[in-house]
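The lines below spell out each chain.
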Amino acid sequence: MNNIVELENRPEAIKQLAAQAALYSGAKSLFSIQLFLSVPFIIIVAFAALALDKEWFAVTKVDISPYVGVLGIVLTLLDTMVFNPLISNRRSTAAKIQQCFDSTVLNLPWNEIVYGARPDQEIVEEWAKKNTRLVTSGKFDNWYRVEVRDLPHEAGRLVCQRANCWWDMQLRSRYNVTVGVVGVVLFATLVGISFGLDLTMSNFFSLVAAPFLPFVAIAPKLILDNRDAISRLQFMKDMVEETWNKALQPTYDVDALKSRSQAIQEGIYNNRSQNPLIFDWLANRLKPKNEDLQSKTTKQYVAEFKAAHPGLYP
């Protein structure tokens, strides 16, 4: 009924998926360093300050609390001036390459007003090479469920778009919980260290408030951005389901469905290019369960469409 599965498994499509994955992974690596400097590194420095103050491990008593405060401010500036711009650039390029894949596979036009210029093929080639091992392992095969091949293109496209929205929503909900737990643990640890040091108010700023600044600069915005993304994704998923109901009518306008899918796709792209990054370990942990659910859901949608349009299936 459609050629989505054939198109998504062509070598050039696999190469695009490999390139966008490598770019996202590069951005996530930078984000990991950013988080390490904001959380575990700060805890280690604060613990070192406690050890030096209490003369643990037979060390000479030294007060490094002023340096700890300065370090917190320096890390905050690094986030703003170095890490955030680099992460944003790689995320934006990855989103464009992934949109190249979707535009071809889902048969949707490239909207330069929304997506900008297509990325140069040299960029795709360069980043795809970084994922050669994953390409040969088949990780990027059948990006969208093979069950969609039993639907007309306009219907299969909607099922693929719904899967994109649903999966992203699940990841971001889990991620927000993780960030909140990390924040509570970090603050409790720093406060515990402050009690151990019997701090004055001035030292409290140096050893607790200032070290906590990098995390405060990242975490609340991360959680709020994810909540906004989830809200947008929910809206787009609702749009998909509303459009799907139109596709189940005895007669439907193919061009109208495609136009609606184009608007949905533009929203998906904007989310990809702006949303906070989700670590690969979380996605990999949830992927088996997600694939099972998506397989069952896709089969259900296929059965629903077949029942609504028995004339299309001899």
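Below is a short write-up of the structure. Residue numbers run consecutively from 1 along every chain, following the written order of its sequence. Local features in this predicted model are restricted to residues whose pLDDT is 70 or higher, and side-chain atom pairs enter the listing and the counts only when it is 80 or higher, whereas totals over whole chains, interfaces and linings include all residues. In computing side-chain properties, one takes all heavy atoms of the structure into account and sets aside hydrogens as well as water.

Bringing a nonpolar patch on the surface into the picture now. Every patch collects residues that have over 30% relative accessible area and no salt bridge, joining them within 9 Å if they carry like charges and within 5 Å if they are nonpolar side chains (Val, Leu, Ile, Met, Phe, Trp, Tyr). Per-residue and other accessible areas follow the Shrake-Rupley method at a 1.4 Å probe size, with only the shown protein chains counted as cover for residues. Any carboxyl oxygen of Asp or Glu within 4 Å of a side-chain nitrogen of Lys or Arg constitutes a salt bridge here. On the surface, Val70, Ile73, Val74, Leu77, Leu78, Met81, Val82 and Leu86 cluster together into a nonpolar patch covering about 690 Å² of accessible area. When a residue's accessible area, from a 1.4 Å probe over protein chains only, is under 20% of the maximum for its type it is buried; when over 50% it is exposed; and in between it is partly exposed. Here isoleucine 73 falls in the partly exposed class, since its relative accessible area comes to 42%.

Across all of its chains, the model carries twelve salt bridges by this definition. Arginine 162 is paired through a salt bridge with glutamate 241; the nearest N and O atoms lie 3.1 Å apart. One end of the pair, arginine 162, is in helix α8 (residues 153–197); the other, glutamate 241, is in helix α9 (residues 201–247), with 79 residues separating them in the sequence. Between lysine 237 and glutamate 241 there is a salt bridge, and its shortest N-O distance comes to 3.1 Å. Note that lysine 237 and glutamate 241 are positioned in helix α9 at a spacing of four residues, about one turn of the helix. A relative accessible area of 23% places glutamate 241 in the partly exposed class. Here the residues in one salt-bridge network are Arg162, Lys237 and Glu241, joined through shared partners. Think of it this way: any DSSP run of H or I at least four residues long counts as a helix, any run of E at least two long counts as a strand, and we number them from the N terminus.

In this analysis an axis means a line fitted to C-alpha atoms, helices contributing only their contacting stretch, and an angle means the value between N-to-C directions, from 0 to 180 degrees. In contact at an axis separation of 7 Å, helix α2 (residues 11–38) and helix α6 (residues 121–128) are set at 70° when each is read in the N-to-C sense. Regarding the angle of α2 to α6, the classification is roughly perpendicular. Across the interface between the two elements, Lys15, Gln16, Ala18, Ala19, Ala22 and Leu23 from α2 touch Gln121, Val124, Glu125, Trp127 and Ala128 from α6. Our angle categories are set so that under 35 degrees counts as roughly parallel, over 145 as roughly antiparallel, 65 to 115 as roughly perpendicular, and the remainder as oblique. Whether two residues are in contact is decided by their heavy atoms: any pair within 4.5 Å suffices.

If you trace the backbone, serine 103 turns up in helix α4 (residues 65–105). By relative accessible area, which is 5% here, serine 103 ends up buried. Each residue touching serine 103, except ones within four places of it in the same chain, is listed here: Leu108, Pro109, Trp110 and Tyr115.

The terminal C-alpha atoms of α2 lie 40 Å apart, and with 28 residues this matches the ideal 40 Å at 1.5 Å per residue to within 8%. The element α2 is extensively covered by neighbouring structure, given that 20 of its 28 residues are classed as buried. Multiplying 1.5 Å by the helix residue count minus one yields the expected span of that helix.

Let us look at the side chain of aspartate 168. Looking at where aspartate 168 falls in the secondary structure, it is placed in helix α8. Owing to a relative accessible area of 16%, aspartate 168 belongs among the buried residues under this scheme. In this view, aspartate 168 contacts Leu233 and Asn275; residues no more than four positions away in its chain are not counted.

Attention now goes to unusual backbone geometry. Where the residue is not glycine, phi is negative for most of them; where a peptide bond is considered, it is trans in most cases. Phi is positive for asparagine 107, which is not a glycine, with a value near 55°. With respect to the secondary-structure elements, asparagine 107 resides in the loop between α4 and α5 (112–115). Looking at asparagine 107, the relative accessible area reads 38%, which means it is partly exposed. Its identity is not glycine, yet asparagine 142 carries a phi of approximately 50°, on the positive side. Tracing the chain through its elements places asparagine 142 in the loop between α7 (132–137) and α8.

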